Each structure stands twice: as structure tokens, then as C-alpha cells.
Amino acid sequence: MSTLTPLLPLPAAPQFPVSSGAAIVSSLLGPGVLNSFALVALSFSGAIGLTFLMLGCALEDYGVYWPLFVLIFHAISPIPHFIAKRATYDSDATSSACRELAYFFTTGIVVSAFGFPVILARVSVIKWGACGLVLAGNAVIFLTIQGFFLVFGRGDDFSWEQW
């Protein structure tokens, strides 16, 4: 049995320094591109969440628009965070009573947004399929809101305060 030898030697694999993907993209495209990409991704996920919500209301089998009231919960969910951030801006403490109260109120708002369609489905105002679509939309929209604060709430030069 003979072994085949290549006519040309195979080149060695290139060695790249290990760094994060964000650092590589930032060095290639510029520092603002990642924030712009995050904004586009968050907009896309918000649109998907609203699509689930609209499908839960507007499909021919469902046709009841009561679940749109969860939009009120989506709109007021960041308000306790804004108030607590303004009130405890000068504080160096990792936690404060105002911030904890804001977390409590925000949790109540989010739980209410998930409970409202379940109650509507339980009393047969909407169908359970519509409830499932609204709950999926709630999950996507609230994760989008949380992602927005994680990406743009750092207090650096490119933050949500510019929008």
C-alpha cells in the first residue's frame, strides 16, 4: 500500500488573536455600528412582539380587540425605573429603597400584563389561542424593553437619553 504525498506543502492555519466578536466588529466598522445594530435588532423584535399581539386580536377566528389593553402595561412599565433613576441618580449605593420600590411596581405591571389575557380567556371574552398569541407578544415586547435598557441604559455617550 502506498501513501499519497501532496505535491505542495499545506500552509499552516493563520493565527488570530483571541478577542470578542464585538471588539472585532467595532474595530472594523467603527464604534457606533454596534449600537446601531442593537437598535435595529430591538426594533425588529418589538415589531415581532406587536405582530403577535395584533394576530391575537385580528385573526378571523378571534376578532376581539380587548387584548390591546396590554399596550397600556407596555407603555407604563418603564415609568417606575425612570422615576427611581432620577431620584437615586446621586446615590452610590448598589441598592436603595426607591430602586427596590420601582422594581416592585415594575414587577406588578409586568405580571398584570401577563395576567390580563389569561383572565379574559378564563371568562370566555377571548379564545385561548388569542391568549397564547398575546402572551407570546408580551414576552417578546417585555424582553425587548429589558434589552433596550441593558444596551442603552449604561450611561455612556450613546444612550437612550439621546432618543
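Residues numbered from 1 in each chain as written. Predicted model: local features only at pLDDT ≥ 70, side-chain atom pairs only at ≥ 80, totals over all residues. Heavy atoms only, no water.

## Description of the overall build of the protein
Of the regular secondary structure elements, the protein holds six helices and zero strands. Secondary structure elements of the protein, listed N to C terminal, follow the sequence α-α-α-α-α-α. Within the protein, the fraction of its 163 residues that count as buried is 25%. With an accessible surface of roughly 11400 Å², the protein has 71% of that area assigned to carbon and sulfur atoms. (Helix = DSSP H or I, 4+ residues; strand = E, 2+ residues; numbered from the N terminus. Buried < 20%, exposed > 50% of the residue type's maximum accessible area, 1.4 Å probe, protein only. Areas by Shrake-Rupley, 256 points an atom, 1.4 Å probe, with all protein chains shown as cover.)

## A closer look at the packing of helix 5 (residues 97–122) against helix 6 (residues 128–152)
Relative to each other, helix 5 and helix 6 sit at 175 degrees, their axes nearing to 9 Å. In terms of orientation, helix 5 lies roughly antiparallel with respect to helix 6. Contacts from V110, A113, F114, P117, V118, A121 and R122 in helix 5 reach W128, C131, V134, L135, N138, A139 and F142 in helix 6. The residue makeup of the contact of helix 5 with helix 6, split by class, is 12 nonpolar, one polar and one charged. (Axes fitted to C-alpha atoms, helices over the stretch in contact; angles between N-to-C directions. Parallel < 35°, antiparallel > 145°, perpendicular 65-115°, else oblique. Contact = heavy atoms within 4.5 Å. Nonpolar A, V, L, I, M, F, W, Y, C, P; charged D, E, K, R; others polar.)

## Comments concerning the side chain of S96
Here S96 lies in the loop between helix 4 (79–87) and helix 5. Reaching out from S96, the side chain makes a polar contact with the backbone nitrogen of R99 at a distance of 3.2 Å. (Polar contact = N/O pair within 3.5 Å; in protein donor to acceptor, adjacent residues only side chain to side chain.)

## Some points on unusual backbone geometry
The residue S124 is not glycine, and still its phi comes out positive at about 65 degrees. As for its position among the elements, S124 is in the loop between helix 5 and helix 6.

## Digging into the packing of aromatic side chains
Inspection of every chain in the model, using the stated rule, returns seven aromatic pairs. Seen in terms of ring centroids, F104 and F105 are 5.9 Å apart; in terms of plane orientation they differ by 55 degrees. Their pairing is tilted. Judged by its relative accessible area of 58%, F104 is exposed. Classification of F105 as partly exposed rests on a relative accessible area of 44%. (Phe/Tyr/Trp six-rings, centres within 6.5 Å; stacked < 30°, edge-to-face > 60°.)

## Points about the confidence of the model for the protein
For the protein, per-residue confidence averages 81 on the pLDDT scale, and 69% of positions sit at 70 or higher. For the protein, the element scoring lowest by mean pLDDT is helix 1 (residues 21–29), at 55; helix 3 (residues 70–76) scores highest, at 96. (pLDDT = per-residue confidence, 0-100.)

## Quick word on the UniProt feature "transmembrane region" (unreviewed entry) in the protein
According to UniProt, the positions carrying the feature "transmembrane region" (unreviewed entry) are residues 37–57, 64–83, 103–121 and 133–153. Secondary structure across residues 37–57 divides into 100% helix and 0% strand, with the first and last C-alpha atoms of the span separated by 31 Å. As annotated, residues 64–83 has a helix share of 60% and a strand share of 0%, and its two end C-alpha atoms lie 35 Å apart. (UniProt positions renumbered as here; feature names shortened; annotations may be inferred.)

## Quick word on the side chain of N138
When you line up the elements, N138 lands in helix 6. A distance of 2.8 Å separates a polar atom in the side chain of N138 from the backbone oxygen of A113. Ignoring anything within four residues of it in the chain, the contact list for N138 reads V70, H74, A113, F114 and P117.

## Overview of the environment of N138
For N138, a relative accessible area of 0% gives the class buried. Put simply, N138 and L50 are 88 residues apart on the chain and 8.4 Å apart in space, counted from C-alpha to C-alpha.

## Brief notes about a nonpolar patch on the surface
Taken together, the side chains of W66, F69, I72, I76, I79, F82, I83, I119, V123 and V125 make up a nonpolar region of the molecular surface, amounting to roughly 910 Å² of accessible area. Elements that contribute at least two residues to the nonpolar patch include exactly helix 3 and helix 4. It is helix 4 that contributes the most residues to the nonpolar patch, three residues altogether. Relative to the helices and strands, I79 is located in helix 4. Under the relative-accessibility criterion, I79 is labelled partly exposed at 40%. (Patch = residues over 30% accessible without salt bridge, like charges linked within 9 Å, V, L, I, M, F, W, Y side chains within 5 Å. Salt bridge = Lys/Arg side-chain N within 4 Å of Asp/Glu carboxyl O.)

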